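A look at the structure
In case you want the letters, here they are:
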Amino acid sequence: MIEKMPRDPDYIVDISGIEDPSSAHSVDVNAGSEPSPRSWIGIKFDCCGTYARIYRNRDGTAYEGRCPRCLRPVEVGIGPGGTDQRMFRAT
Ligand SMILES: [Zn+2]
């Protein structure tokens, strides 16, 4: 005899596409399947008054990203004895 389970949803609606739209432009973000988390910092873009994360580049020399609205590129260099600050402003 097959017991009837309480009705579960047949599937889970996985909503995608509401992530940072700028990530669609960076081709290499998901290259490979390394599980290592990417370092990021928060940036406040004064141009549009928006906030976004930007990620470290491959060489580890800078954080690079774009304003999510106007796509203005921003780069925060990583220098020796640099800051451990996690919030920046792009003016
Ligand atoms: Zn902007």
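Let me sum up the structure you'll find in this document. (Residues numbered from 1 in each chain as written. Predicted model: local features only at pLDDT ≥ 70, side-chain atom pairs only at ≥ 80, totals over all residues.)

A count of helical and extended segments in the protein gives 0 helices and 5 strands. The 91 residues of the protein split such that 10% are buried. Pairs at least 24 residues apart make up 29% of the contacts formed inside the protein by residues separated by at least 6 positions. (Helix = DSSP H or I, 4+ residues; strand = E, 2+ residues; numbered from the N terminus. Buried ≥ 20, exposed ≤ 12 C-beta atoms within 10 Å, placed from the backbone. Contact = placed C-beta atoms within 7 Å.)

A separate point is the sheet that holds strand β3 (residues 62-66). Here 5 strands make up an open sheet; going across it, the order is β4-β3-β2-β1-β5 and the pairing mixed. A single partner strand is all that each edge strand has here, and the edge strands are β4 (73-77) and β5 (87-90). Each strand of the sheet is rotated relative to its neighbour by a mean of 30°, with strand direction disregarded. Alignment of strand β2 (residues 50-56) against β3, held across 2 bridges, turns out to be antiparallel. Bridge pairing links Arg 56 to Tyr 63 in β3. (Pairing = 2+ DSSP bridges. Axes fitted to C-alpha atoms, helices over the stretch in contact; angles between N-to-C directions.)

Grouped together as the largest cluster of nonpolar side chains are 7 residues: Ile 43, Phe 45, Ala 52, Ile 54, Tyr 63, Cys 67 and Ala 90. Among the secondary structure elements, those contributing two or more residues to this core are β1 (40-45) and β2. (Core = buried A, V, L, I, M, F, W, Y, C linked by C-beta atoms within 7 Å.)

So, on to the pairing of β1. Of the strand pairs in this sheet, β1 and β2 are connected by 6 bridges, and their pairing is antiparallel. Of the residues in β2, the one forming a bridge with Ile 43 is Ala 52. Counted between consecutive antiparallel strands, the loop separating β1 from β2 contains 4 residues, among which Gly 49 sits at a positive phi close to 65°. The sheet contact formed by β1 and β5 spans 4 bridges and is parallel. Bridge assignment links Ile 43 to a residue of β5, and that residue is Phe 88.

This part covers unusual backbone geometry. Backbone phi values are negative for most residues with the exception of glycine, while trans is the configuration of most peptide bonds. The phi torsion at Leu 71 lies on the positive side, around 60°, for a residue other than glycine. Counting through the fold element by element, Leu 71 comes out in the loop between β3 and β4.

Once that is clear, we can look at the environment of Gly 60. When you line up the elements, Gly 60 lands in the loop between β2 and β3. Put simply, Gly 60 and Gly 79 are 19 residues apart on the chain and 9.8 Å apart in space, counted from C-alpha to C-alpha.

Let us look at the environment of Gly 42. Structurally, the position occupied by Gly 42 is in strand β1. Apart from residues no more than four positions distant in its own chain, Gly 42 is found in contact with Tyr 51, Arg 53, Arg 86 and Met 87.

To continue, consider the environment of Ala 62. Topologically, Ala 62 is positioned in strand β3. C-alpha separation for the pair Ala 62 and Ile 78, spaced 16 residues apart in sequence, amounts to 4.8 Å. Among all residues touching Ala 62, those that are not within four sequence positions of it are Asn 57, Glu 75, Val 76, Gly 77 and Ile 78.

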